[in-house]
Amino acid sequence: MKTSLTGFAATAAMLCVLAGSVHAASEASPLPGVDTWNALSDEAREAQRDAVKRVMLERMIRLKEDRHRLTPDNSAHCARMAQELGAPAAFVHLLEQEAGHPPVGRDYYAHMNEMTRLLEVYGVDELQIRVFAEEMRCGGKEARSIAAWLPLKDVFLLVSKEVTLEENEVRSQLETLRDVYARMADVYSGIKNRAGAEAAADELLPLLEQIRPTAALRAALSRLEKDSVPLYVRIVGQARERLIECRTYLRETNYYGSHRLAALDSLLSA
């Protein structure tokens, strides 16, 4: 059955969201390249979405290096990267436009709006990528190393808010969160130095794939006071509390200097 406003609904009504690869508002958009995108197989869309994410992460890293100024060099570099990675032609074209004729004034805002709408079609969360790049406390070289290490197919997913989850889906996904948090706490509790932190990052990296199906659920939970959601407390609460204790210590030690573990922790916590 669907989640309702009584009984189980005290929890589930707030969690009635489902991950979507295409933003609902974008389906009727006249943006160029949308028909081509929609005609692709799931595998082809996944590969092209991956390419877009990698380019956008590089774009945000370069923006950070350039003190948040979008330069023609940034756009040109990203356009070449997008083409090499096989990103959608419409996305490549927008980057090439920026590089060749940088928009100004109203044209700039119109251009950025078109970029945002196109990313919605691809199911890529631009804000998540921007925040992630900003939060990495390392130089550009190491940030790029982390970007290359991460399986981006499992992160920065745009989710839709329109579709309800079945009760059994909510329970199953909460159990996944519980298992992931328990595994993280087990590994975190054994970290004693930088080498251990680096090894832990590699060990926990597969959890991104495990947690991917819960993206929409986590987006809903991020807008709630989790302790006010009885089912969450019942299923996830104990594992979450233990993870918080382990994570607090790690953060106090700055993850023993492991930027990879810090980056992974932020993605698994999102």
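Calculation rules
Residues numbered from 1 in each chain as written. Predicted model: local features only at pLDDT ≥ 70, side-chain atom pairs only at ≥ 80, totals over all residues. Heavy atoms only, no water. Axes fitted to C-alpha atoms, helices over the stretch in contact; angles between N-to-C directions. Helix = DSSP H or I, 4+ residues; strand = E, 2+ residues; numbered from the N terminus. Parallel < 35°, antiparallel > 145°, perpendicular 65-115°, else oblique. Left-handed = near helix turned anticlockwise from the far one by under 90°. Contact = heavy atoms within 4.5 Å. Nonpolar A, V, L, I, M, F, W, Y, C, P; charged D, E, K, R; others polar. Core = buried A, V, L, I, M, F, W, Y, C linked by side-chain atoms within 4.5 Å. Buried < 20%, exposed > 50% of the residue type's maximum accessible area, 1.4 Å probe, protein only. Polar contact = N/O pair within 3.5 Å; in protein donor to acceptor, adjacent residues only side chain to side chain. Expected span 1.5 Å × (residues − 1). 1 Å grid on protein atoms, 1.4 Å probe; cavity = no way out; pocket = protein on both sides within 12 Å on 5 of 7 lines; lining within 4 Å. Points joined across faces, edges and corners; volume = space filled by probe spheres on them. Phe/Tyr/Trp six-rings, centres within 6.5 Å; stacked < 30°, edge-to-face > 60°.

### Section: the packing of helix 4 (residues 72–85) against helix 5 (residues 89–100)
Here is step 1: The contact between helix 4 and helix 5 brings their axes to 8 Å, and the two run at 155°. Compared by their axis directions, helix 4 and helix 5 come out roughly antiparallel. Crossing hand, helix 4 versus helix 5: left-handed. Along its contact with helix 4, which presents Pro 72, Ser 75, Ala 76, Cys 78, Ala 79, Ala 82 and Gln 83, the element helix 5 presents Phe 91, Val 92, Leu 95, Glu 96, Glu 98 and Ala 99.
Here is step 2: Residue composition of the contact of helix 4 with helix 5, grouped by class: 9 nonpolar, 2 polar and 2 charged.

### Regarding the nonpolar core
Here is step 1: Among the nonpolar cores identified, the biggest contains 76 residues, and Phe 91, Tyr 122 and Leu 174 are the most heavily contacted of them.
Here is step 2: Looking at this core element by element, the count peaks at 9 residues for helix 9 (residues 167–188).

### Brief notes about the side chain of Glu 58
Here is step 1: By secondary structure assignment, the location of Glu 58 is in helix 3 (residues 42–65).
Here is step 2: For Glu 58, a relative accessible area of 8% gives the class buried.
Here is step 3: Within the structure, the side chain of Glu 58 is placed 3.2 Å from the side chain of His 77, a separation counted as a polar contact.
Here is step 4: Ignoring sequence-local partners within four residues, the contact set of Glu 58 consists of His 77, Cys 78, Met 81 and Arg 144.

### Regarding unusual backbone geometry
Here is step 1: Positive phi, close to 55°, is recorded for Arg 67, a residue that is not glycine.
Here is step 2: Within the secondary structure, Arg 67 is located in the loop between helix 3 and helix 4.
Here is step 3: Non-glycine residue Tyr 255 carries a positive phi angle of around 55°.
Here is step 4: By the secondary structure assignment, Tyr 255 is in the loop between helix 13 (230–252) and helix 14 (259–269).
Here is step 5: Classification of Tyr 255 by relative accessible area gives buried; the value is 8%.

### So, helix 6 (residues 105–122)
Here is step 1: With 18 residues, helix 6 should reach 26 Å at 1.5 Å per residue; the first-to-last C-alpha distance of 26 Å fits that figure.
Here is step 2: Among the residues of helix 6, those classed as buried are His 111, Met 112, Met 115, Leu 118, Leu 119, Val 121 and Tyr 122.
Here is step 3: Looking at the buried positions of helix 6, the neighbouring elements they touch are helix 2 (34–38), helix 3, helix 5 and helix 7 (126–135).
Here is step 4: Positioned one or two residues after helix 6, Gly 123 has a phi angle of 75°, which is positive.

### Description of the layout of surface pockets
Space left empty within the atom packing is revealed by a probe, the size of a water molecule, rolled over the atoms.
Here is step 1: What the second largest pocket holds in volume is close to 250 Å³.
Here is step 2: Lining the second largest pocket, in full, are Tyr 181, Arg 218, Leu 221, Ser 222, Lys 226, Tyr 232, Arg 240, Leu 243, Ile 244, Arg 247, Ser 269 and Ala 270.
Here is step 3: Of all the secondary-structure elements, those providing two or more residues to the lining of the second largest pocket are helix 12 (215–221) and helix 13.
Here is step 4: In terms of residue count, the dominant contributor to the lining of the second largest pocket is helix 13 (5 residues).
Here is step 5: In the lining of the second largest pocket, the residues fall into 6 nonpolar, 2 polar and 4 charged.

### What about the packing of aromatic side chains?
Aromatic ring pairs are described here by two measures, namely the spacing of the ring centres and the angle between the planes.
Here is step 1: The full count for this structure, using the stated rule, is 5 aromatic pairs.
Here is step 2: Aromatic pair Trp 37 and Tyr 122: ring centres 4.7 Å apart, planes at 50°, arrangement tilted. With a gap of 85 residues between them, Trp 37 in helix 2 and Tyr 122 in helix 6 connect regions that are remote in the sequence. An identical accessibility class is assigned to Trp 37 and Tyr 122; each is buried.
Here is step 3: A ring pair is formed by Tyr 108 and Tyr 109, whose centres lie 5.5 Å apart and whose planes are at 85°; its orientation type is edge-to-face.
Here is step 4: Residue classification places Tyr 108 among the partly exposed positions, given a relative accessible area of 31%.
Here is step 5: Residue Tyr 109 is classed as exposed on the basis of its relative accessible area, which comes to 63%.
Here is step 6: Members of the aromatic cluster, connected to one another through ring pairs, are Trp 37, Phe 91 and Tyr 122.

Remember that the coordinates give geometry; whether it matters functionally is a separate question.
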